[in-house]
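Summary of structural features
Listed here are the chains, written in short residue letters.
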Amino acid sequence: QVQLVESGGGLVHPGGSLRLSCAASVTFFNIATMGWYRQAPGKERELVATINRGYSTNYADSVKGRFTISRDNAKNTIDLEMNSLKPEDTAVYYCNCRAFRPTTGYVEVWGQGTPVTVSS
C-alpha cells in the first residue's frame, strides 16, 4: 500500500552538500508524517528530521542548522538538503513514512536506505 523510493546518496568531502529525495507511492492511505533516519556502522538507527502534513519539522540536534527537510503534500515527496557535511554524518539514510487509513489506523513504512559517506 505504501512504497518509498530514495535517491541522492553518495560520497562527498567534508563541508560538501548532498540532497536526498524520497518519493512515496500510496494506495488507500494518506501520508501523515515523513522523515529521514540514519544508521551508522555499529550504531542504532536514529532520527535525523521529520516533517508532518502541516509542514512542522523536527531535527536532531546534531544536524540542526545544517540540514533542511521539505515536503510536497501533493506529490508525497520529501527532500533532505544536507549542507556542511561532517564525517560523523556518514551513515545509511532511510526514508520513513507514517500513513493513515481510517479503517486500520496508521502504518509505518521504511525505504531501502541510501548510503552517504563523508570522507576526504
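Keep in mind the model is a prediction, meaning the values are calculated, not measured.

**Side note on the state of the cysteines**
- For the structure on display, the rule yields one disulfide.
- The disulfide partner of Cys 22 is Cys 95, and the gap between their sulfur atoms is 2.1 Å. Around the S-S axis, the bridge from Cys 22 to Cys 95 shows a dihedral of about -85° and counts as left-handed. One end of the pair, Cys 22, is in strand S3 (residues 18-26); the other, Cys 95, is in strand S9 (residues 91-101), and 73 residues separate them in sequence. Assigned by exposure class, Cys 22 and Cys 95 land together as buried.

**What about the pattern of salt bridges?**
- Enumeration according to the criterion identifies six salt bridges in this entry.
- The partner of Arg 19 in a salt bridge is Glu 81, and the shortest N-O contact between them spans 2.9 Å. One end of the pair, Arg 19, is in strand S3; the other, Glu 81, is in strand S8 (residues 77-82), with 62 residues separating them in the sequence.
- For Arg 19, a relative accessible area of 44% gives the class partly exposed.
- Notably, a salt bridge pairs Asp 89 with Arg 38, separated by 2.9 Å at the nearest N-O pair. Separated by 51 residues along the polypeptide, Asp 89 in the loop between S8 and S9 and Arg 38 in strand S4 (residues 30-39) bring together distant segments of the chain.
- The class for Asp 89 is buried, based on a relative accessible area of 1%.

**Thoughts on the side chain of Thr 50**
- On the secondary structure map, Thr 50 appears in strand S5 (residues 46-51).
- The exposure class of Thr 50 is buried, given its relative accessible area of 14%.
- Those residues in contact with Thr 50 that sit more than four places away from it in its chain are Thr 33, Met 34, Gly 35, Tyr 37, Ser 56, Thr 57, Asn 58 and Ile 69.

Cut-off values and rules
- Residues numbered from 1 in each chain as written.
- Predicted model: local features only at pLDDT ≥ 70, side-chain atom pairs only at ≥ 80, totals over all residues.
- Heavy atoms only, no water.
- Disulfide = S-S within 2.5 Å.
- Helix = DSSP H or I, 4+ residues; strand = E, 2+ residues; numbered from the N terminus.
- Buried < 20%, exposed > 50% of the residue type's maximum accessible area, 1.4 Å probe, protein only.
- Salt bridge = Lys/Arg side-chain N within 4 Å of Asp/Glu carboxyl O.
- Contact = heavy atoms within 4.5 Å.

Interpretation note: all reported values are geometric properties and have no functional meaning in isolation.
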